[in-house]
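Commentary on secondary and tertiary structure
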Amino acid sequence: MHRESTASVIARQLRTAIMERTLQPGAQLSETALSAQFGVSRGPLREAMQRLVQEGLLRSEPNRGLFVIELDEADIRDVYVARAAVEGAAATMIAKARVPAALRELRAACEAMTKSLELGDPAALSDADFHFHDVLVQCSGSRRLARMHQTLIVETRMCLTALEGTYQQPLELVEEHNQIVDAIEAGDVKLTLKRVEQHMDEALRRLIHAEDNDEGYV
């Protein structure tokens, strides 16, 4: 059985801390504090931090150290452009392959979103939303798409956690996901790509609108 390395474990914990803003945007990382927090030596900690520099979640400043990235509106727009490319590629791969197991997982992810909506639980809806997109990329079978997507999702979560908002159009959101799966199930590659791109455009619109009006968003 493959055992996750110490550096990989620390990298995952750092991603979570950045995603949940335990490590705030712009914050400088202290090797002393983090090695004590994780109970590890500086060797694997440095390796983990360098991974996040390569992923673009940390930035290195000469003679100053490592800092958590900060995202402005241009960055947010770029994140969604990249997500549309990655998730569009994953969705079209699934549509072409038409693997029943992938469709079952995607339908189950949609059902989890619907259940969260019916319960009126915005936190659960948010988690189910992100789970859907993770399933979408994982079901493509592409490790490289999954690796790129991991960083993009951390950056997306950073934006959402910042506003601590709720879904303004939850029914519309759930329906958008169902429509993506419908297109995949039909094996319609062109429609699948169109619906992924439309979903990303709408998600970005809701996000930018929420920032402008200090409201919740997707």
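Predicted model only: the values in this text are computed from it and were never measured.

Definitions and cut-offs
Residues numbered from 1 in each chain as written. Predicted model: local features only at pLDDT ≥ 70, side-chain atom pairs only at ≥ 80, totals over all residues. Heavy atoms only, no water. Domains from an automatic or database assignment. Contact = heavy atoms within 4.5 Å. Buried area = accessible area lost by both parts, 1.4 Å probe. Salt bridge = Lys/Arg side-chain N within 4 Å of Asp/Glu carboxyl O. Polar contact = N/O pair within 3.5 Å; in protein donor to acceptor, adjacent residues only side chain to side chain. Helix = DSSP H or I, 4+ residues; strand = E, 2+ residues; numbered from the N terminus. Nonpolar A, V, L, I, M, F, W, Y, C, P; charged D, E, K, R; others polar. Pairing = 2+ DSSP bridges. Disulfide = S-S within 2.5 Å. Buried < 20%, exposed > 50% of the residue type's maximum accessible area, 1.4 Å probe, protein only. UniProt positions renumbered as here; feature names shortened; annotations may be inferred.

Remarks on the domain arrangement of the protein chain
Partitioning the protein chain into domains gives domain 1 (6-68) and domain 2 (73-213). Of note, the centres of domain 1 and domain 2, computed from C-alpha atoms alone, are 27 Å apart. On the domain 2 side, the residues contacting the 10 residues of domain 1 number 8 residues. Per-residue buried area on domain 1 facing domain 2 is highest for Met 19, Arg 21 and Leu 57; these three make up 57% of the total on that side. Put simply, domain 1 and domain 2 have 0 salt bridges between them. Between domain 1 and domain 2 we count 1 residue pair in polar contact (both at pLDDT 80 or more) in total. The element that contributes the greatest number of residues to the side of domain 1 that touches domain 2 is helix H1 (residues 6-19), accounting for 3 residues. Here the residues of the side of domain 1 that touches domain 2 are counted per class, giving 5 nonpolar, 1 polar and 4 charged.

A short note on the pairing of strand S1 (residues 58-61)
One ladder, built from 4 bridges, connects S1 with strand S2 (residues 65-68); its direction is antiparallel. Pairing of Leu 58 across the sheet is with Val 68, part of S2. Connecting S1 to the antiparallel partner S2 that follows it, the hairpin turn spans 3 residues, and Asn 63 within it adopts a positive phi of roughly 65°.

Concerning the state of the cysteines
Cysteine pairs can be linked by a disulfide, which is a covalent bond between their two sulfur atoms. Taken as a whole, this structure holds 0 disulfides when the rule is applied. Unpaired in terms of disulfides, Cys 110 finds its nearest cysteine sulfur in Cys 139, a separation of 12 Å. Taking relative accessible area as the criterion, Cys 110 reaches 1% and is therefore assigned buried.

Thoughts on the UniProt feature "domain: HTH gntR-type" (unreviewed entry) in the protein chain
As recorded in UniProt, the feature "domain: HTH gntR-type" (unreviewed entry) lies at residues 4-71. For residues 4-71, the end-to-end C-alpha separation is 30 Å, with 53% helix and 12% strand making up the annotated structure.

Brief notes about the pattern of salt bridges
Side-chain pairing between opposite charges can occur once the charged atoms of the two side chains come close. Per the stated rule, a full pass over the model turns up 16 salt bridges. We note a salt bridge from Glu 4 to Arg 12, for which the minimum N-O separation is 2.8 Å. Taking the relative accessible area as the measure of exposure, Arg 12 reaches 40% and is therefore partly exposed. The partner of Arg 77 in a salt bridge is Glu 73, with the nearest N and O atoms 3.0 Å apart. Of the two residues, Arg 77 and Glu 73 both sit in helix H4 (residues 73-97), 4 residues apart, roughly one turn of that helix. Taking the relative accessible area as the measure of exposure, Arg 77 reaches 38% and is therefore partly exposed. One network of salt bridges, in which partners are shared, links Arg 59, Glu 61, Arg 64 and Glu 70.

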